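Structural characterization, general
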Amino acid sequence: MLNLLEMLKKEAVTWAGVTVSYRDDWDCDHFLVGTKGFCLLGKNKENERVMTIKGLPNNNAAMRELYPFVVPGYYSNKVHWISIKLEQSSLSSDELISLLRESYQIVFEQLPEKTKKEISRNIA
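A brief structural summary. (Residues numbered from 1 in each chain as written. Predicted model: local features only at pLDDT ≥ 70, side-chain atom pairs only at ≥ 80, totals over all residues. Heavy atoms only, no water.)

**Some remarks on the overall build of the protein**
A count of helices and strands for the protein gives four helices and six strands. Starting at the N terminus, the α and β elements of the protein follow one another as α-β-β-β-β-α-β-β-α-α. For the protein, the C-alpha radius of gyration of 14 Å lies close to 14 Å, the compact-globule estimate for 124 residues. On the principal axes, the C-alpha backbone points of the protein span a range of 40 × 30 × 30 Å. (Helix = DSSP H or I, 4+ residues; strand = E, 2+ residues; numbered from the N terminus. Rg over C-alpha atoms; globule rule 2.2 N^0.38 Å.)

Next up, the structure:
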(Lines give C-alpha, C1' and ligand atoms only; values in the text may rest on other atoms or scores of the structure.)
Protein backbone atom coordinates (compact mmCIF):
# COMPACT_ATOMS: atom_id res chain seq x y z
CA MET A 1 0.00 0.00 0.00
CA LEU A 2 2.79 2.44 0.82
CA ASN A 3 4.32 1.75 -2.59
CA LEU A 4 1.01 2.74 -4.22
CA LEU A 5 0.81 5.95 -2.21
CA GLU A 6 4.40 6.88 -3.08
CA MET A 7 3.81 6.04 -6.73
CA LEU A 8 0.74 8.33 -6.85
CA LYS A 9 2.72 11.18 -5.29
CA LYS A 10 5.73 10.68 -7.58
CA GLU A 11 3.50 10.65 -10.66
CA ALA A 12 1.56 13.78 -9.67
CA VAL A 13 4.63 15.93 -9.00
CA THR A 14 5.69 15.44 -12.62
CA TRP A 15 2.61 17.39 -13.76
CA ALA A 16 2.78 21.14 -14.35
CA GLY A 17 2.30 23.26 -11.23
CA VAL A 18 1.83 20.37 -8.80
CA THR A 19 3.08 20.24 -5.24
CA VAL A 20 2.39 17.52 -2.70
CA SER A 21 2.89 18.17 0.97
CA TYR A 22 1.87 16.58 4.22
CA ARG A 23 -0.68 18.53 6.26
CA ASP A 24 -0.36 17.83 9.96
CA ASP A 25 -3.67 19.54 10.72
CA TRP A 26 -5.52 17.20 8.33
CA ASP A 27 -3.17 14.19 8.76
CA CYS A 28 -2.95 13.62 5.02
CA ASP A 29 -0.96 14.33 1.87
CA HIS A 30 -2.42 17.34 0.08
CA PHE A 31 -2.01 17.63 -3.70
CA LEU A 32 -2.18 21.14 -5.14
CA VAL A 33 -2.08 22.61 -8.61
CA GLY A 34 -1.15 26.23 -8.07
CA THR A 35 -2.93 26.96 -4.80
CA LYS A 36 -5.97 24.71 -5.37
CA GLY A 37 -6.32 21.20 -4.03
CA PHE A 38 -7.14 18.29 -6.29
CA CYS A 39 -6.42 15.27 -4.07
CA LEU A 40 -6.10 14.20 -0.46
CA LEU A 41 -4.41 10.95 0.54
CA GLY A 42 -5.14 10.04 4.12
CA LYS A 43 -7.40 8.00 6.38
CA ASN A 44 -11.10 8.31 7.08
CA LYS A 45 -12.71 8.03 10.52
CA GLU A 46 -12.72 4.22 10.17
CA ASN A 47 -8.92 4.40 9.73
CA GLU A 48 -9.17 3.25 6.10
CA ARG A 49 -6.76 4.73 3.54
CA VAL A 50 -8.66 6.91 1.10
CA MET A 51 -7.84 8.93 -1.98
CA THR A 52 -10.25 11.85 -2.24
CA ILE A 53 -10.41 13.41 -5.71
CA LYS A 54 -12.55 15.83 -7.67
CA GLY A 55 -14.65 14.58 -10.55
CA LEU A 56 -17.59 15.50 -12.71
CA PRO A 57 -20.86 14.96 -10.83
CA ASN A 58 -22.28 12.40 -13.30
CA ASN A 59 -19.02 10.44 -13.34
CA ASN A 60 -18.85 10.50 -9.54
CA ALA A 61 -22.41 9.16 -9.25
CA ALA A 62 -21.62 6.39 -11.75
CA MET A 63 -18.44 5.44 -9.88
CA ARG A 64 -20.33 5.24 -6.57
CA GLU A 65 -22.97 2.99 -8.16
CA LEU A 66 -20.43 0.75 -9.88
CA TYR A 67 -17.89 0.27 -7.09
CA PRO A 68 -18.69 -0.33 -3.40
CA PHE A 69 -15.29 1.08 -2.43
CA VAL A 70 -16.09 4.48 -3.98
CA VAL A 71 -18.00 6.72 -1.59
CA PRO A 72 -18.92 10.41 -1.41
CA GLY A 73 -15.89 12.59 -0.74
CA TYR A 74 -14.65 12.39 2.82
CA TYR A 75 -14.94 15.86 4.42
CA SER A 76 -15.67 17.47 1.06
CA ASN A 77 -18.53 18.37 -1.27
CA LYS A 78 -20.30 15.06 -1.85
CA VAL A 79 -21.34 15.93 -5.43
CA HIS A 80 -17.98 17.05 -6.77
CA TRP A 81 -15.65 14.81 -4.76
CA ILE A 82 -15.34 11.06 -4.23
CA SER A 83 -13.22 9.01 -1.89
CA ILE A 84 -11.75 5.70 -3.01
CA LYS A 85 -11.10 3.22 -0.21
CA LEU A 86 -7.70 2.12 -1.42
CA GLU A 87 -7.38 -1.09 0.59
CA GLN A 88 -10.69 -2.34 -0.81
CA SER A 89 -10.18 -1.00 -4.33
CA SER A 90 -9.95 -3.31 -7.31
CA LEU A 91 -8.76 -0.45 -9.55
CA SER A 92 -5.31 -0.81 -11.04
CA SER A 93 -2.59 1.72 -10.36
CA ASP A 94 -3.03 2.98 -13.94
CA GLU A 95 -6.75 3.52 -13.34
CA LEU A 96 -6.03 5.38 -10.09
CA ILE A 97 -3.49 7.59 -11.88
CA SER A 98 -6.04 8.28 -14.59
CA LEU A 99 -8.62 9.37 -12.00
CA LEU A 100 -6.00 11.49 -10.24
CA ARG A 101 -5.07 13.09 -13.55
CA GLU A 102 -8.73 13.83 -14.30
CA SER A 103 -9.05 15.56 -10.92
CA TYR A 104 -5.92 17.60 -11.68
CA GLN A 105 -7.30 18.65 -15.08
CA ILE A 106 -10.68 19.69 -13.65
CA VAL A 107 -9.04 21.85 -10.99
CA PHE A 108 -6.42 23.25 -13.41
CA GLU A 109 -9.19 24.39 -15.77
CA GLN A 110 -10.86 26.26 -12.88
CA LEU A 111 -7.73 28.27 -12.08
CA PRO A 112 -7.58 31.94 -13.05
CA GLU A 113 -6.19 32.48 -16.56
CA LYS A 114 -3.15 34.29 -15.17
CA THR A 115 -2.28 31.31 -12.95
CA LYS A 116 -2.74 28.84 -15.82
CA LYS A 117 -0.44 30.89 -18.01
CA GLU A 118 2.22 31.10 -15.26
CA ILE A 119 2.09 27.33 -14.76
CA SER A 120 2.26 26.69 -18.51
CA ARG A 121 5.14 29.15 -18.91
CA ASN A 122 7.14 27.33 -16.22
CA ILE A 123 7.05 24.08 -18.21
CA ALA A 124 7.99 25.61 -21.55
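The discussion continues.
**Notes on the side chain of N44**
Here N44 shows up in the loop between β3 (36-43) and β4 (49-54). A distance of 3.0 Å separates the side chain of N44 from the backbone nitrogen of E46, its partner in a polar contact. Every residue in contact with N44, bar those within four places of it in the chain, is listed here: V50, Y74 and K85. (Polar contact = N/O pair within 3.5 Å; in protein donor to acceptor, adjacent residues only side chain to side chain. Contact = heavy atoms within 4.5 Å.)

**Thoughts on the pattern of salt bridges**
Here the structure, examined in full by the defined rule, presents six salt bridges. Between R23 and D25 there is a salt bridge, with its nearest N and O atoms 2.6 Å apart. When the shortest N-O distance is used, the salt bridge between K116 and E109 registers 3.6 Å. Residue class for E109 comes out exposed when judged on its relative accessible area of 53%. Connected through salt bridges with shared partners, the residues E6, K9 and D29 form a single ionic network. (Salt bridge = Lys/Arg side-chain N within 4 Å of Asp/Glu carboxyl O. Buried < 20%, exposed > 50% of the residue type's maximum accessible area, 1.4 Å probe, protein only.)

**So, helix α3 (residues 93-110)**
For α3, built from 18 residues, the straight-helix expectation of 26 Å at 1.5 Å per residue is met to within 8% by its first-to-last C-alpha distance of 26 Å. Regarding α3, the residues found buried are L96, I97, L99, L100, S103, Y104, I106, V107 and F108. (Expected span 1.5 Å × (residues − 1).)

**A short note on the nonpolar core**
One finds F38, M51, I84 and L100 to be the most contacted residues of the largest nonpolar core, which totals 30 residues. For this core, the secondary structure elements donating two or more residues are α1 (2-12), β2 (28-33), β3, β4, β6 (81-85) and α3. In terms of residue count, the dominant contributor to this core is α3 (seven residues). When sequence neighbours within four positions are dropped, the list of residues in contact with M51 reads L8, C39, L40, L41, I82, S83, I84, L86 and L96. (Core = buried A, V, L, I, M, F, W, Y, C linked by side-chain atoms within 4.5 Å.)

**Some remarks on the side chain of K85**
Along the chain, the position of K85 falls in strand β6. Under the relative-accessibility criterion, K85 is labelled buried at 17%. With residues up to four places along the chain from it excluded, the contact list for K85 reads N44, E48, R49, V50, F69 and V71.

**Examining the pairing of β4**
The element β4 is largely enclosed, with a buried count of five among its six residues. Where β3 lies against β4, five bridges are found, and the strand directions are antiparallel. Paired with K43 across the bridge in β4 is R49. The turn joining β3 and β4, which pair antiparallel and follow one another in sequence, is formed by five residues; a positive phi near 70 degrees is taken by N47. (Pairing = 2+ DSSP bridges.)

Purely geometric stuff here, so don't read any function into it on its own.
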